[in-house]
Every structure is written in C-alpha cells, then in structure tokens.
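# Structural description and commentary
Residue-level listing of the chains:
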Amino acid sequence: MTATVSTPYLRVLIDGARAAGIEQVDSLIAERDLQQALDDLDGRVDQEVFHDLWDELARLSNDPAFGLHLAERV
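Residues numbered from 1 in each chain as written. Predicted model: local features only at pLDDT ≥ 70, side-chain atom pairs only at ≥ 80, totals over all residues. Heavy atoms only, no water.

## Here's the deal with the environment of Leu53
By secondary structure assignment, the location of Leu53 is in helix α4 (residues 47-61). Distance from Leu53 to Ile14, taken between C-alpha atoms, is 9.3 Å for residues 39 residues apart in sequence. Not counting the four nearest positions on each side in its chain, Leu53 is found in contact with Leu10, Leu13, Ile14, Leu28, Arg32 and Leu34. (Helix = DSSP H or I, 4+ residues; strand = E, 2+ residues; numbered from the N terminus. Contact = heavy atoms within 4.5 Å.)

Here it is in structure tokens:
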C-alpha cells in the first residue's frame, strides 16, 4: 500500500508557496499532474510526490524556515 497525503495539506503547501512569492508554483503543479487532486476536497496524493514538491518549494523559497512559516498559516 502506498502512503498518501490528504489534499488539504497539499493546498496549505501550495497557498504558502504562493504567499512566499514562488513564481513556479503553477508549473510545478502541472509537472506533477496535481490539479485534479487539488480540485478534489477529499483527494489524496502520493506521499513521495508531496515530499518532493515540498522540498522543491522550500528550495525555491530560499527560506530556511519554510516549514515553520507554513505551520504559521495553519
């Protein structure tokens, strides 16, 4: 069984990345084919895809406290 992450967590990540001014968010969503999951309130995404996206967004943010700043949004 593959581990998954609920799409509300994905939305927090995406919203936080946009708030951080990361311009590549939409292209990263498209590259990973995540739009359908984002549109599904009860959707789930593969945990590895989520973590890969998180790592990429954190890198692009140039913010060493990217995760902490996401948590502040919740």
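## Some remarks on the pattern of salt bridges
Taken as a whole and judged by the stated rule, the model has four salt bridges. The salt bridge partner of Asp26 is Arg18, with a shortest N-O separation of 2.4 Å. Between Arg59 and Glu56 there is a salt bridge whose closest N-O contact spans 2.6 Å. Of this pair, Arg59 and Glu56 both sit in helix α4, separated by three residues, roughly a single helical turn. Arg59 sits in the exposed class, given a relative accessible area of 52%. (Salt bridge = Lys/Arg side-chain N within 4 Å of Asp/Glu carboxyl O. Buried < 20%, exposed > 50% of the residue type's maximum accessible area, 1.4 Å probe, protein only.)

## Here's the deal with the nonpolar core
The biggest cluster of nonpolar side chains holds 18 residues, and the ones touching the most others in it are Leu10, Leu13, Ile14, Val25, Val45, Leu53 and Leu57. Going through the elements one at a time, α1 (7-19), α2 (25-31), α3 (35-39), α4 and α5 (66-73) are the ones with two or more residues in this core. Sorting elements by how many residues they give to this core places α1 first, with four residues. (Core = buried A, V, L, I, M, F, W, Y, C linked by side-chain atoms within 4.5 Å.)

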